[in-house]
Amino acid sequence: MLAALCLSALLVAGCASTPPSTFFVLTPIPEAVGRGGDISGGGLSVGIGPVVFPQFLDRPQLVTRDGSNRLDVDEYNRWGGAVQDDFLRVWGENLAHLLGTSRITVFPSETRMPIDFRITAEVVSFAGMPNQEALLKVRWAVMDTYLERAMAVREDVYRCPFAANPEPATILGSEKNSRSTVDSEAVVAAMSRCLGDFSRDVAAVVGSLPKPAPPSATVSPI
C-alpha cells in the first residue's frame, strides 16, 4: 500500500510539472499581411499544389536537424495544423500579393475556375538546421494547364538564419541538452522567411511567362 501511494504521488508530481505544448503557424511575407480587396492581376489565375512533403516531416511536432543523419522531434512545440496545409495557405497568400491576383486556387479544390498556370512542388527539406538557419529545399514546376506541359522546372535551396536561444530550456526540473534549446519561435519565423523567398522566385518566373491561350483561342498551323 505504501509503495502504491508513493508511485501515485510521483505520477501526480510528474504530470503537474510537464510543460504545456506550444503551437506554431507559418506567416506570409509582411507586405501580404492584411491585404484585401479585389485584385484582378490582369485576369491571371493560378493553381498551386499538391505539395509533397517527406514522411519524416509529416507529423504534428516541430522537427529540426541535429546533424547529417539525426532529427530532433520536439514534443512540446507543435504545428497548429498540418504543416503541408500551412505551407500551401501561406504560399497562396504570398503569391496572391506578388502576382496581384485574387484568383489563387489551392489543390485539391472543388472550385470550378479556368486555371492559366498550375504550380506543383516537392519539398525535400524544410526544417531548422544545427548551424542556426532554416533550410528549404524544393523542386517545383510551372505547368500550362491547357496544353498539359511544363513551362519551367527548377530546384532551389533557401537558407534563412535565426538567433540562438540565449537561455537553456528546462523540463521536469532538469536542463535539456543543447539540441533541445533551439528557439522554436525563431525557427518558425526563419522558415516563413524561406517560404517568402521561394514565393518571390515563383512569382518572378510566372510573371515572365506568356499567359497560355485557352484551346478555343489557339490557331492551328495550316
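In what follows, the structure referred to is the one given above.
Treat the numbers as computed from the prediction; the structure is a model and nothing was measured. (Residues numbered from 1 in each chain as written. Predicted model: local features only at pLDDT ≥ 70, side-chain atom pairs only at ≥ 80, totals over all residues. Heavy atoms only, no water.)

Structural notes on the overall build of the protein chain
Within the protein chain one finds 3 helices and 10 strands. For the protein chain, the α and β elements follow one another from N to C terminus as α-β-β-β-β-α-β-β-β-β-β-β-α. Residues classed as buried in the protein chain amount to 39% of the 222 residues present. For the protein chain, the share of sequence-separated contacts (at least 6 apart) that also reach a separation of at least 24 residues comes to 71%. Per element, the accessible surface of the protein chain, about 12,200 Å² overall, is 56% carbon and sulfur. (Helix = DSSP H or I, 4+ residues; strand = E, 2+ residues; numbered from the N terminus. Buried < 20%, exposed > 50% of the residue type's maximum accessible area, 1.4 Å probe, protein only. Contact = heavy atoms within 4.5 Å. Areas by Shrake-Rupley, 256 points an atom, 1.4 Å probe, with all protein chains shown as cover.)

Brief notes about the pattern of salt bridges
A side chain of one charge can pair with a side chain of the opposite charge when the charged atoms of the two come close. Considering all chains together, one arrives at 11 salt bridges under this definition. A salt bridge links Glu 122 to Arg 139; its shortest N-O distance comes to 3.5 Å. Linking Glu 122 in strand E6 (residues 117–129) with Arg 139 in strand E7 (residues 133–144), this pair joins segments that are 17 residues apart in sequence. Its relative accessible area of 36% is what places Glu 122 among the partly exposed residues. (Salt bridge = Lys/Arg side-chain N within 4 Å of Asp/Glu carboxyl O.)

A few points about the packing of aromatic side chains
Enumeration over the complete set of coordinates arrives at 8 aromatic pairs. A ring pair is formed by Phe 53 and Phe 87, whose centres lie 5.5 Å apart and whose planes are at 80°; its orientation type is edge-to-face. Residue Phe 53 is located in the loop between strand E2 (46–52) and strand E3 (61–65), and its partner Phe 87 is located in helix H2 (residues 83–99); the two are separated by 34 residues in the primary sequence. Seen in terms of ring centroids, Phe 87 and Phe 198 are 6.4 Å apart; in terms of plane orientation they differ by 40°. Their pairing is tilted. Residue Phe 87 is located in helix H2, and its partner Phe 198 is located in helix H3 (residues 184–208); the two are separated by 111 residues in the primary sequence. Of the residues examined, Phe 87 reaches a relative accessible area of 0% and is grouped as buried. Following the ring pairs from residue to residue traces out a cluster consisting of Phe 53, Phe 87, Trp 91, Phe 126, Trp 140, Tyr 158 and Phe 198. (Phe/Tyr/Trp six-rings, centres within 6.5 Å; stacked < 30°, edge-to-face > 60°.)

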